[in-house]
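# Architecture and fold: a report
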Amino acid sequence: MVDVTEKEMDNPTFRSDTVLSDVHLHCPNKRHLMVRLNAVGQPVFLSYFKFLWNTEDSASEKDVREVTTGREHQYKSGDEVCDKDRDSIKKERELNSEGVKALLDDDGDLEVVRRPRSSSDLEAEDLLRDIVCPVILMKGREDASEDEEQECTCSDVVKIEHTMATPLEDVGKQVWRAAFLLADYILFKRDTFRCCSVLELGGGTGITSIIMGTVAKRVYCTDVGEDLLAMCEQNIALNKHLMEPGGGEVKVRELDWLKDEFCTDPEGPFSWSEDEIADLHDHCSVIMAADVFYDDDLTDALFRTLYRITHNLRKSCTVYLALEKRLNFTLRHMDITCEAYSHFRNNLNDLENLQDGSIKYTVEPIKVDFCQFLVYERIEQL
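The present account deals with the structure reproduced in this document. Please read all numbers here as calculations on a predicted model, not as lab measurements. (Residues numbered from 1 in each chain as written. Predicted model: local features only at pLDDT ≥ 70, side-chain atom pairs only at ≥ 80, totals over all residues. Heavy atoms only, no water.)

This part covers unusual backbone geometry. Of note, the phi angle at Cys195 is positive, near 65 degrees, even though the residue is not glycine. Looking at where Cys195 falls in the secondary structure, it is placed in the loop between α5 (190-193) and β10 (197-200). Positive phi values are uncommon outside glycine, yet Asp291 reaches one of about 50 degrees. Locating Asp291 in the fold gives a position in the loop between β13 (284-290) and α10 (296-311). A relative accessible area of 12% means that Asp291 is categorised as buried. (Helix = DSSP H or I, 4+ residues; strand = E, 2+ residues; numbered from the N terminus. Buried < 20%, exposed > 50% of the residue type's maximum accessible area, 1.4 Å probe, protein only.)

Here it is in structure tokens:
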């Protein structure tokens, strides 16, 4: 929703009140579509994001599977996904669409073949009519039912609590496509990240840190805002079974890019200990951030934070940045532009061209043609 206030005829001001998530719920349990209200009264949703592979098979590099209507297509993991497999799926979908054309009557109307209803179907439908979604459940984790606990232990599903609409300052509570893209890359290159010590900036709901936690030794998932960090910690607890086989650990900590120091307030629930700061500086070799480039001031602050932290690391470090280029029409340019992305690239160029005798930054693009391990829409702007 966007409000337009026109102070002057030639100088309209756009004020955005609500930011909507572009990641839709995947396979929600209808009874728990909306699970609760958070501390600030925002509805919290629960989504199951399914792997296109079995995490139990990851160590032995077994096949990655994508299930489509009517049959199962098998992909080999890593670089061995070939174009002919993708072509075969495309051809099958085209054949399926051609089959629809055959279901036409003499007048050209579509004939829908319906399955005969059984008595059990009718009974189930009567029961569903009494359910109104979304449903707000105000119960805590201690009241979770047995079926919820079983769902938590699925090895092919990531379970994430998140919001679907927030003010701009709370967008970290939503799930964004670039987080899935970075998660895909982690799973594709899991041997690269195995046993690493990792820092995530702007971790949000924690989904990327959770995926990294399946292969890395330790992940510091950072963001700001106690309510957001509590949601992130809850998601890590919901998915701890995914990280336990590899012995990975994910710690949720506060890290404000607008401040020059780590939060070490002993009374803060997400503060850093001196040992944790020392561990980060001594062992961190990977920093990552996904979809955090939407505000120019925050982008500037993030690059200052990157510069400060990398200067204190004892090891060489690789920074992985994932984002979605969001195109907008602007009155200033009278054209469709991507100003947030342009500002990000300017900062990236400045970092690469930085003349610093103690450290050198090299920027390399990563082709987005690696395997897709999570169910989401991978669009051209990623």
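A few words now on the layout of surface pockets. In this structure, the second largest pocket spans a volume of roughly 1,100 Å³. Looking at the second largest pocket, it is lined by 35 residues, and the ones nearest its centre are Val319, Tyr320, Leu321, Val363 and Glu364. When its residues are assigned to classes, the lining of the second largest pocket shows 23 nonpolar, five polar and seven charged. (1 Å grid on protein atoms, 1.4 Å probe; cavity = no way out; pocket = protein on both sides within 12 Å on 5 of 7 lines; lining within 4 Å. Points joined across faces, edges and corners; volume = space filled by probe spheres on them. Nonpolar A, V, L, I, M, F, W, Y, C, P; charged D, E, K, R; others polar.)

This brings us to the pattern of salt bridges. Tallied over the full model, the rule gives 16 salt bridges. Note that Lys173 and Asp227 form a salt bridge whose closest N and O atoms lie 2.9 Å from each other. One end of the pair, Lys173, is in the loop between β9 (165-166) and α4 (177-188); the other, Asp227, is in helix α7 (residues 226-238), and 54 residues separate them in sequence. Here Lys173 falls in the buried class, since its relative accessible area comes to 3%. For Asp279, the salt bridge is made with Arg218, and the minimal N-O distance between the two is 3.4 Å. Of the two residues, Asp279 is situated in helix α9 (residues 274-283) and Arg218 in strand β11 (residues 218-223); the sequence distance between them amounts to 61 residues. The class for Asp279 is buried, based on a relative accessible area of 13%. Each of the salt bridges in this network shares a partner with another, and the network as a whole consists of Arg177, Asp291, Glu324, Arg326 and Glu377. (Salt bridge = Lys/Arg side-chain N within 4 Å of Asp/Glu carboxyl O.)

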